[in-house]
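Each chain, written out:
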Amino acid sequence: METKNNDTVCDEQVFSNIFKTNSKTVFNYIYYKFGNEEKSYDAVQEAFVKLWENCAKVSPEKAKSYVYTVANNLYLNVIKAEKVRLKYADKTLKTTHETPEYLMEESEFKTKLDKALNDLPENQRITFLLNRIDGKKYKEIAEMEGVSLKAIEKRMHLALKTLREKIEGI
């Protein structure tokens, strides 16, 4: 690997730039995939620690995909270890001053939306959330997922089609 000494991930400035540029998106990617904020944050932090520990082995060009892969694998290990606990995690109720009818409609819509999103194939769900919630462009998502732009366009088309079929008013 031919890189200048000041152009390696081991250089604090280079590492810092990689962290600033990618940490939020990597976090959102893991969070959208697995739905747990705290554990997603931990996986991202640990992935960047591993990047630092392996800075001599990872080129700056490969650092972004390295962090995505490591964070994803770390989270998969967390899921394996805590599958039962995650399954029965209790959801806390929120108090509000909205009318019961409004709350019921909102709750029903949210339930429908959550179910429709959860029923999507994982790759469509992630593409949809990264685009619609994070505002990521298809090209960025394609790079993150390691697929072609056409594949992302197709995923998004299928996700929107499915969501429209399952939920009125989207």
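Above this text sits the structure in question.
Residues numbered from 1 in each chain as written. Predicted model: local features only at pLDDT ≥ 70, side-chain atom pairs only at ≥ 80, totals over all residues. Heavy atoms only, no water.

A.B. asks: When you look at helix H6 (residues 138–145) in this model, what are you seeing that I'm missing?
C.D. replies: Since one α-helical turn is 3.6 residues long, residues separated by three or four positions face the same way. Within the sequence span of H6, burial applies to Ile-141, Ala-142 and Met-144. Seen from one end, H6 has its buried residues packed into an arc of 165°, which puts them on one side. Within H6, the exposed residues directed more than 90 degrees away from the buried face are Lys-139 and Glu-143. Positioned one or two residues after H6, Gly-146 has a phi angle of 70°, which is positive. (Buried < 20%, exposed > 50% of the residue type's maximum accessible area, 1.4 Å probe, protein only. Helix = DSSP H or I, 4+ residues; strand = E, 2+ residues; numbered from the N terminus. Arc of directions from axis to C-beta.)

A.B. asks: Would you explain the packing of aromatic side chains in this entry?
C.D. replies: Each aromatic ring pair is summarised here by two numbers: the centre-to-centre distance and the angle between the ring planes. Summed over the entire model, instances satisfying the criterion amount to six aromatic pairs. The interplanar angle of 70° and the centroid separation of 5.0 Å between the aromatic rings of Phe-15 and Trp-52 together place this pair among those described as edge-to-face. Of this pair, Phe-15 sits in helix H1 (residues 12–34) while Trp-52 sits in helix H2 (residues 37–53), and the two are 37 residues apart along the sequence. Between Tyr-31 and Tyr-32, the aromatic rings sit 6.2 Å apart at their centres with planes inclined by 50°, giving tilted as the arrangement. Owing to a relative accessible area of 12%, Tyr-32 belongs among the buried residues under this scheme. (Phe/Tyr/Trp six-rings, centres within 6.5 Å; stacked < 30°, edge-to-face > 60°.)

A.B. asks: Is there a simple way to explain the state of the cysteines in this structure?
C.D. replies: What is meant by a disulfide is a covalent connection between two cysteines, made through their sulfur atoms. Scanning the model with the defined rule gives one disulfide in all. Paired by a disulfide, Cys-10 and Cys-55 hold their sulfur atoms 1.9 Å apart. In this structure, the disulfide formed by Cys-10 and Cys-55 twists by about 95° around the S-S bond and is classed as right-handed. Here Cys-10 is found in the segment before H1, whereas its partner Cys-55 is found in the loop between H2 and helix H3 (60–87), with 45 residues between them in sequence. Since its relative accessible area comes to 29%, Cys-10 is described here as partly exposed. (Disulfide = S-S within 2.5 Å.)

A.B. asks: Would you explain a negative patch on the surface in this entry?
C.D. replies: A cluster of like negative charges, contributed by Glu-37, Glu-38, Asp-42, Glu-46 and Glu-53, occupies part of the molecular surface. Within the secondary structure layout, Asp-42 lies in helix H2. (Patch = residues over 30% accessible without salt bridge, like charges linked within 9 Å, V, L, I, M, F, W, Y side chains within 5 Å. Areas by Shrake-Rupley, 256 points an atom, 1.4 Å probe, with all protein chains shown as cover. Salt bridge = Lys/Arg side-chain N within 4 Å of Asp/Glu carboxyl O. Lys, Arg positive; Asp, Glu negative; His and termini not counted. Charge placed at Lys NZ, Arg CZ, Asp CG, Glu CD.)

A.B. asks: What is the right way to look at the environment of Tyr-66 in this model?
C.D. replies: Along the chain, Tyr-66 turns up in helix H3. Residues Tyr-66 and Lys-50, 16 residues apart in the sequence, show an inter-C-alpha distance of 9.4 Å. Apart from the residues lying within four places of it in its own chain, the contact partners of Tyr-66 are Ala-47, Lys-50, Leu-51, Asn-54 and Val-58. Of the polar contacts made by the side chain of Tyr-66, one reaches the side chain of Asn-54; its length is 3.0 Å. (Contact = heavy atoms within 4.5 Å. Polar contact = N/O pair within 3.5 Å; in protein donor to acceptor, adjacent residues only side chain to side chain.)

A.B. asks: What is the right way to look at the environment of Tyr-75 in this model?
C.D. replies: With respect to the secondary-structure elements, Tyr-75 resides in helix H3. Sequence separation of Tyr-75 and Tyr-41 is 34 residues, and the distance between their C-alpha atoms is 10.0 Å. The residues touching Tyr-75, leaving out its near neighbours within four places in the chain, are Ile-30, Phe-34, Asn-36, Lys-39, Ser-40 and Ala-43.

A.B. asks: Would you take a moment to explain the packing of H1 against helix H5 (residues 122–132) for this structure?
C.D. replies: Two quantities define a packed helix pair, namely the angle between the helix axes and the distance between the axes. Where H1 meets H5, the axes come as close as 10 Å, and the angle between the chain directions of the two elements is 135°. When the interaxial angle is binned, H1 and H5 end up oblique. Relative to H5, the crossing made by H1 is right-handed. Contacts between H1 and H5 involve Tyr-29, Tyr-32 and Lys-33 from the former and Glu-122, Arg-125, Ile-126, Leu-129 and Leu-130 from the latter. Residues of the contact of H1 with H5, tallied by class, amount to five nonpolar, no polar and three charged. (Axes fitted to C-alpha atoms, helices over the stretch in contact; angles between N-to-C directions. Parallel < 35°, antiparallel > 145°, perpendicular 65-115°, else oblique. Left-handed = near helix turned anticlockwise from the far one by under 90°. Nonpolar A, V, L, I, M, F, W, Y, C, P; charged D, E, K, R; others polar.)

These figures capture arrangement, not role.
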